[in-house]
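# Remarks on the overall topology
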Amino acid sequence: MKKILVMLLTTILLLLSVGCENVEYKTESSQPESSVDIFESLESKLPDFVPSVSEDDSSTEGEESESTSSSYIGAYTIVTDDATAFYQDESTPGTISSAIEGRNSFLRQKYGVDVDVKQATTKEIMNGLRQAEKSGIEYCDLISISGSETVSLYLSGLLCDMNTLPDFDPKSEFFDAKNATALATNSTLYMIADPTAYVYDKAYVLFYNRELLENTSAPNPDELVLQGKWTWDAFNTCVKQAAAEVYNKTSANLETDIYGFSAYYLDYGYSLAMWYSSGNKIIGDTYKNKVALSTSSNGVTTIAQKALKYYNVKGRYPFEGEDARSAFENGRLAFLSNRLDYLYSLRDGTLSGQKYGFLPMPKFSEEQESYACLLDSSARVLAMPKSVESRSEDQKRLAGLLLSALCASGRSTIQEAYISSNLALYLYDNTETVILKTITDSIVFDFANVFGTKIAKVANASSKAVNDYYVLGSALPTMINRNISQFQYYSKTNFK
């Protein structure tokens with residue numbers, strides 16, 4: 001088995017090395033393990049699947065069962081709204097496609113399952129799960145759609161509580177330590193947030209126009225990121241330098257003046273991304289803890305107030321969406337916040353793409369441990385159909401093992417492949433590669449942002465309250481205190 005894996009993954013590494021030549025990571029960062037090392041390490045770390053032997057089994061005592069992890073078990077069906085996240089495709093960049101195949105091959109070799117990916121809309125998935133409940137015929141083994149739509153499936157009672165799986169531990173080394181339990185609902189866990197679902201494109205980041213900063217005394221944002229000094233103060237300095245004329249006018253011209261910044265998702269998205277860039281969370285650790293605000297309403301407000309002075313400024317272009325995008329691409333905005341996948345349209349293959357850079361959301365201070373880039377609620381998560389809870393103990397144990405293997409084998413390899421594919425297609429130098437690595441390391445799934453999209457009682461006391469503070473000027477402590485009792489009651493009743 002190891003020989004097969006080494007041959008396959010050596011091919012992957014050759015593909016990666018073509019894109020990664022001349023890339024230098026920061027010296028203080030340790031180099032990631034190779035794909036071969038990761039898979040070989042997991043081979044010994046992940047438990048084998050050995051079905052239980054009943055008392056009346058005809059096997060002679062001491063004879064090893066033929067049904068071991070090397071036996072062929074069958075298809076492992078993943079239903080998703082984007083098949084390319086789990087299955088190699090002609091439209092997927094080669095390094096990512098190879099990494100996905102490496103992950104799927106590992107599942108095949110380790111547990112004897114072939115990954116079968118089916119693409120469907122959320123509505124089709126919901127209908128399929130409901131029909132499966134009535135017919136008793138399995139619809140799928142795993143679901144991967146956006147966090148917000150997964151909440152819809154959860155509210156409809158269509159998902160499995162993963163904490164009911166034997167020997168399943170989302171706190172183990174096989175899962176992303178920062179995000180795996182971010183969407184837990186106290187003692188229950190209906191969805192896993194893990195980078196193996198290929199989520200990086202959904203991170204909120206900043207893009208900037210290099211030309212608007214070159215002729216000013218503003219610091220170089222790229223260098224600040226590498227030094228860990230890219231802060232909101234530094235951002236504000238750059239904004240004031242680039243939009244100096246607007247700051248010096250009593251009234252600006254929205255059609256012609258150069259502004260400091262805006263956001264594609266200005267009314268909902270940017271404000272939350274600003275708050276979460278502090279490295280904090282509005283709702284705290286929800287894994288086997290009650291779902292509650294991480295701090296008091298005053299604590300949430302304190303963080304919001306720190307960022308408000310960088311939001312409610314003269315240099316902010318007041319329009320969002322295509323208006324903001326057009327202003328940015330026409331050289332009238334120094335910074336534009338958008339999701340990371342906006343990079344693909346900026347780097348369109350022409351020389352004009354070189355004038356645009358991309359950055360993580362700034363820190364609140366240089367002392368902050370790391371950057372934090374909020375993932376949009378459209379980022380995919382992993383969930384299981386309710387029917388898994390009714391399977392035999394062996395089948396449930398296998399379901400947990402396969403999920404652990406999927407996440408453990410995909411997380412690092414998918415990240416490296418993502419960076420390499422972007423290096424080959426969109427990046428210009430080593431600095432941008434390090435910045436992209438910094439962003440992918442900083443992604444944040446958040447409970448309030450995901451569950452708040454579908455549950456008003458959660459949003460009103462958390463994400464919506466923070467957003468309305470920036471966008472509408474609402475009194476944040478008042479908003480939270482007004483809605484906290486309903487939130488607490490909903491949490492106590494539903495998140496058990």
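Residues numbered from 1 in each chain as written. Predicted model: local features only at pLDDT ≥ 70, side-chain atom pairs only at ≥ 80, totals over all residues. Heavy atoms only, no water.

This part takes up the overall build of the protein. Counting its regular elements, the protein contains 19 helices and 9 strands. Residue burial in the protein is summarised as follows: out of 496 residues, 56% are buried. For the protein, contacts bridging at least 24 residues in sequence account for 80% of all contacts bridging at least 6. Here the protein has roughly 21,100 Å² of accessible surface; of this, 46% comes from carbon and sulfur atoms. (Helix = DSSP H or I, 4+ residues; strand = E, 2+ residues; numbered from the N terminus. Buried < 20%, exposed > 50% of the residue type's maximum accessible area, 1.4 Å probe, protein only. Contact = heavy atoms within 4.5 Å. Areas by Shrake-Rupley, 256 points an atom, 1.4 Å probe, with all protein chains shown as cover.)

Counted by the stated rule, this structure contains 22 salt bridges. With a shortest N-O distance of 3.9 Å, aspartate 341 and lysine 202 are connected by a salt bridge. One end of the pair, aspartate 341, is in the loop between strand S6 (333–339) and helix H13 (343–346); the other, lysine 202, is in the loop between helix H5 (147–155) and strand S4 (204–209), with 139 residues separating them in the sequence. Given a relative accessible area of 22%, aspartate 341 falls into the partly exposed group. Under the relative-accessibility criterion, lysine 202 is labelled partly exposed at 22%. (Salt bridge = Lys/Arg side-chain N within 4 Å of Asp/Glu carboxyl O.)

Moving on, we come to the sheet that holds strand S2 (residues 113–119). One open sheet accounts for 3 strands, arranged S2-S1-S3; its pairing is parallel. Since the sheet does not close on itself, it has two edges, and those belong to S2 and strand S3 (142–144), each with one partner. Between one strand and the next, the sheet's axes are offset by a mean angle of 25 degrees, whatever the strand orientation. Relative to S3, strand S1 (residues 74–80) runs parallel, the two sharing 3 bridges. Residue pairing for S3: isoleucine 78 is matched across the bridge by leucine 142. (Pairing = 2+ DSSP bridges. Axes fitted to C-alpha atoms, helices over the stretch in contact; angles between N-to-C directions.)

With that out of the way, let us pick up the environment of alanine 307. Mapped onto the secondary structure, alanine 307 falls in helix H11 (residues 297–311). Given a relative accessible area of 0%, alanine 307 falls into the buried group. In this structure the C-alpha to C-alpha distance between alanine 307 and methionine 274, which are 33 residues apart in sequence, comes to 6.6 Å. When neighbours within four sequence positions are excluded, alanine 307 is seen to be in contact with Met274, Phe364 and Tyr470.

Now for the confidence of the model for the protein. In this model, the protein carries a mean pLDDT of 88, and residues with pLDDT of at least 70 account for 88%. Below a pLDDT of 50 lies the segment residues 1–33, which in the model reaches 54 contacts outside its immediate sequence neighbourhood of four places, other chains included. For the stretch residues 58–69, pLDDT sits under 50, and the model shows 11 contacts to residues farther than four places along the chain or on other chains. (pLDDT = per-residue confidence, 0-100.)

This part is about the packing of helix H14 (residues 393–425) against helix H15 (residues 430–441). Geometry of a packed helix pair, given as the angle between the helix axes and the separation of the axes. Across the interface, H14 lies against H15 with an axial gap of 10 Å and an inter-helix angle of 145 degrees. As for how H14 packs across H15, the hand of that crossing is right-handed. The segment H14 lies against H15, with Gln415, Glu416, Tyr418, Ile419, Asn422 and Leu423 engaging Thr433, Leu436, Lys437, Thr440 and Asp441. Split into classes, the residues belonging to the contact of H14 with H15 amount to 4 nonpolar, 4 polar and 3 charged. (Left-handed = near helix turned anticlockwise from the far one by under 90°. Nonpolar A, V, L, I, M, F, W, Y, C, P; charged D, E, K, R; others polar.)

All right, on to the packing of aromatic side chains then. A full pass over the atoms with the stated rule returns 31 aromatic pairs. Summarising the aromatic geometry, the rings of phenylalanine 451 and phenylalanine 495 are spaced 5.9 Å apart at their centres and angled 80 degrees between planes, so their arrangement reads as edge-to-face. With a gap of 44 residues between them, phenylalanine 451 in helix H16 (residues 447–451) and phenylalanine 495 in the segment after helix H19 (476–494) connect regions that are remote in the sequence. Exposure remark for phenylalanine 495: the relative accessible area of 2% places this residue in the buried category. Clustering of aromatic rings is evident, with ring pairs tying together Tyr208, Trp230, Trp232, Phe235, Phe261, Tyr270, Tyr310, Tyr311, Phe335, Tyr469 and Tyr470. The cationic tip of lysine 110 hangs over the ring face of tyrosine 111; the distance from NZ or CZ to the ring centre is 5.8 Å. Directly above the ring of tyrosine 311 sits arginine 316, whose terminal nitrogen or CZ lies 4.4 Å from the centroid. (Phe/Tyr/Trp six-rings, centres within 6.5 Å; stacked < 30°, edge-to-face > 60°. Lys NZ or Arg CZ within 6 Å of the ring centre and 35° of its normal.)

With that settled, consider the nonpolar core. Nonpolar side chains in soluble globular proteins tend to be buried together. In this structure, Ile143, Trp230, Tyr270, Phe335, Leu403 and Phe451 are the most contacted members of the largest nonpolar core, which totals 158 residues. Among the elements that line this core, the one with the most residues is H14, at 14 residues. Discounting chain neighbours no more than four positions away, the residues touching phenylalanine 451 are Val151, Tyr154, Leu183, Thr185, Met191, Val458 and Phe495. (Core = buried A, V, L, I, M, F, W, Y, C linked by side-chain atoms within 4.5 Å.)

Let's shift gears to the environment of glycine 321. Counting through the fold element by element, glycine 321 comes out in helix H12 (residues 321–329). Residue classification places glycine 321 among the buried residues on the basis of a relative accessible area of 13%. Measuring from C-alpha to C-alpha, the distance between glycine 321 and serine 262 comes to 9.4 Å, with 59 residues separating the pair along the chain. With residues up to four places along the chain from it excluded, the contact list for glycine 321 reads Ala263 and Tyr264.

Next up on the list: H5. Taking burial as the measure, the 9 residues of H5 include 7 buried ones, the bulk of the element. The inward-facing, buried residues of H5 abut helix H4 (122–135), S3, H16 and H19. One or two positions beyond H5, positive phi appears at glycine 157, with a value near 70 degrees.

In spatial order, the strands read S5-S6-S4-S7; together these 4 strands make up an open sheet with mixed pairing. Edge positions in the open sheet fall to strand S5 (259–263) and strand S7 (356–359), since each of these has one partner strand only. Going from strand to strand, the sheet's axes swing by 20 degrees on average, the running direction of each strand aside. Here S4 pairs with S6 via 5 bridges, running antiparallel. Bridge pairing in S6 links tyrosine 204 to arginine 339. Relative to S6, helix H8 (residues 232–242) is tilted by about 135 degrees, and along the sheet it contacts S4, S5 and S6. Set on the sheet, H15 makes contact with S4 and S7; between it and S7 the angle comes to about 35 degrees.

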